[in-house]
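Observations on chain architecture
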Amino acid sequence: MKQELVKMIRAGEARIAVIGLGHVGLTTAAMFAHVGFQVKGVDLKKDVVEAVSSGKSHFRDLELDELVGKVVRQRRLGATTDTQRAAREADVVIICVQTPVTEDKEPDQSYLGKACEDVAEGLSRGKLVVVQSTVTPGTTKNFVARVLEKGSGLKCGEDFWLANCPERITPGKVVQEFVENVRVVGGYNSESVVVTVELFKTVTKGEILGTDCTSAEVAKLAENSFRDVNIAFANEFALICEQIGVDAMEVIRLANTHPNVSVHKPGCGVGGPCLPKDPYLLLHPVKEKGFESRVIEPCRELNDYMSNHAGELVIEALKKVGKDVSHSKVAVLGAAYKGEVDETKNSPSERIVCELMGLGAEVVVYDPYCEESFGAGKAKDVNDVVRDADCIVIATDHKKFRELKLGRIKALMNEKPALIDGRRIVDPIEAKKQGFMYGGIGYGAK
Ligand code: SAJ
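Below: a short report on this structure. Everything numeric in this text was worked out from a predicted model, so none of it was measured.

1. Description of the site of the ligand
Among the 20 residues in the neighbourhood of the ligand, the closest are listed as Ile 169, Lys 220, Asn 224, Arg 227 and Tyr 337. The side chain of Arg 227 places a nitrogen or oxygen atom 2.6 Å from an oxygen atom of the ligand. Within the side chain of Tyr 337, an N or O atom sits 2.5 Å from an oxygen atom of the ligand. For the ligand, the accessible surface in isolation is 760 Å², of which the surrounding protein chains cover 87%.

Written out as structure tokens, the structure reads:
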């Protein structure tokens, strides 16, 4: 039975269903269609299904847009809202649904559970199910396998195969990373590893590493938790530099000349669909047993504090020019969670906007990549957002904000303007020379 599926995969004849058409799911569906498989993408949102069915990606991602358009025209990729039917008609089902955490940082597996129940309805002997979603340790083996078995009456690892294959794509370069990154394949059992490696060999140029499904889940969480901790070091170091009276960016530049040192960039916070939640997914099973995190969780909390610190810098700079934030207009540059993307999930910019509005400031937001303004005013370009403002806050490191014409901007603002650089992408000396009351994350120089 395993050989039959492997043969169909190698011949490009295995039919594939991809459940969840977020950035990862749509990239996955388009890439397998691109190499010749017949793929059906599934999403519960009708507008997403309509966009994909008409050959459009619903992400601001040119490369993905072109790829989706091509494979839909070739009739290799279709889209539907019917998970059960798509699973029934597929030989391989790849689950890419969201796995958020709740307000109290508990894993929310409702989307995954629903997807598995629907897939189980369409499951039959000889199929492969792959979970690409990032999940809390043990989920594939103890939750997904059980739901699939219960709904299908089949035995996992014998009647069907199951694997966890974490995605490693970064918004902004999803297609290139999907193909080139090393891929970890964690099988429910060894047969599941064999079949899944064959599947990803058809689309991955990078190395494919086989392991068990729980190790694959934890490896993914390690990657993002490690990055979050590293960014937290840069952020705490920036707070120290502000107190010492040096510029953290200059000191980091010098320290990083050591071959063993690579301090990350300090900023006004860590956002996006992954880093703000993955450390909590990693800690969840051990916190339940009383484990107390002394590094990962405090680092996560520090990164969340950085948007408050940006607010503190705004208040301080306005006070230095005799203004009160509650009677000031603040222009927030950037809504997206990082430069050159339109994603605003968990964006530090949202926390900054909400905090400033809570202090009574009039807030206006401009982002060249998205329309989001988190309930604040919305501007159509840089000149529009800075007009009559008392303070600018750079919240996202979009390239466009690295090239601000500070002299022209100052002329559009109220007198005695302030500039708070939350991403340290503007030259502090130039800003001060242009007459701004300057503040920046990690900028301790006077
Ligand atoms: N950030 C900093 N300082 C830095 C780097 C980033 O403040 O030095 C901030 C960014 O502004 C952003 C947040 O952190 O708000 C996350 O940015 P990111 O560059 O980590 O990018 P993500 O979250 O889009 O992608 C991460 C990547 N994981 C790793 O690099 C280990 C990506 O490879 C994963 O595929 C992705 O999470 C995911 O989907 O898991």
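2. Quick word on the pairing of strand S7 (residues 183-187)
The buried fraction of S7 amounts to five of the five residues, a majority that puts the element mostly inside the structure. Here S7 shows a buried face lined by Arg 183, Val 185 and Gly 187 and a second buried face lined by Val 184 and Gly 186. Direction of pairing for strand S6 (residues 161-164) relative to S7: antiparallel, over a ladder of two bridges. Along S7, the bridge assignment pairs Ala 163 with Gly 187. In the classification by handedness, the crossover that spans S7, the intervening helix H9 (residues 190-201) and the parallel strand S8 (residues 208-212) is right-handed.

3. Observations concerning the nonpolar core
Formed by 46 residues in total, the largest nonpolar core has its most connected members in Phe 32 and Leu 199. In terms of residue count, helix H2 (residues 23-34) provides more of this core than any other element does, seven residues in total. If near-sequence neighbours (up to four positions away) are discounted, Leu 199 is found in contact with Ile 9, Ile 16, Phe 32, Val 92, Ile 94, Leu 128 and Val 130. One finds Leu 239, Ala 310, Ala 395 and Ala 418 within the second-largest nonpolar core, a separate group that totals 36 residues.

4. Re unusual backbone geometry
A positive phi angle, near 65 degrees, is found at Glu 340, a position not held by glycine. By secondary structure assignment, the location of Glu 340 is in the loop between strand S9 (329-333) and helix H14 (348-358). What makes Glu 340 partly exposed here is its relative accessible area of 34%. For Lys 416, which is not a glycine, the phi torsion comes out positive at approximately 50 degrees. Looking at the element boundaries, Lys 416 is found in the loop between helix H16 (406-412) and strand S13 (418-421).

5. Let's talk about the packing of aromatic side chains
Using the criterion set out here, one finds six aromatic pairs in the structure. With centroids separated by 5.8 Å and ring planes inclined at 70 degrees, the aromatic side chains of Phe 32 and Phe 37 adopt a geometry described as edge-to-face. Across this residue pair, the class does not change: Phe 32 and Phe 37 are buried. A centroid spacing of 5.0 Å and a plane angle of 85 degrees characterise the contact between Tyr 438 and Tyr 443, whose relative ring orientation is edge-to-face. Using a relative accessible area of 7% as the deciding quantity, one classes Tyr 438 as buried. Following the ring pairs from residue to residue traces out a cluster consisting of Phe 32, Phe 37, Phe 178 and Phe 200. Positioned over the ring face of Phe 178 is Arg 183, at 4.7 Å from the centre of the ring.

Conventions adopted
- Residues numbered from 1 in each chain as written.
- Predicted model: local features only at pLDDT ≥ 70, side-chain atom pairs only at ≥ 80, totals over all residues.
- Heavy atoms only, no water.
- Near = heavy atom within 4 Å.
- Polar contact = N/O pair within 3.5 Å; in protein donor to acceptor, adjacent residues only side chain to side chain.
- Areas by Shrake-Rupley, 256 points an atom, 1.4 Å probe, with all protein chains shown as cover.
- Buried < 20%, exposed > 50% of the residue type's maximum accessible area, 1.4 Å probe, protein only.
- Helix = DSSP H or I, 4+ residues; strand = E, 2+ residues; numbered from the N terminus.
- Pairing = 2+ DSSP bridges.
- Right-handed = clockwise from strand over helix to strand, strands pointing away.
- Core = buried A, V, L, I, M, F, W, Y, C linked by side-chain atoms within 4.5 Å.
- Contact = heavy atoms within 4.5 Å.
- Phe/Tyr/Trp six-rings, centres within 6.5 Å; stacked < 30°, edge-to-face > 60°.
- Lys NZ or Arg CZ within 6 Å of the ring centre and 35° of its normal.

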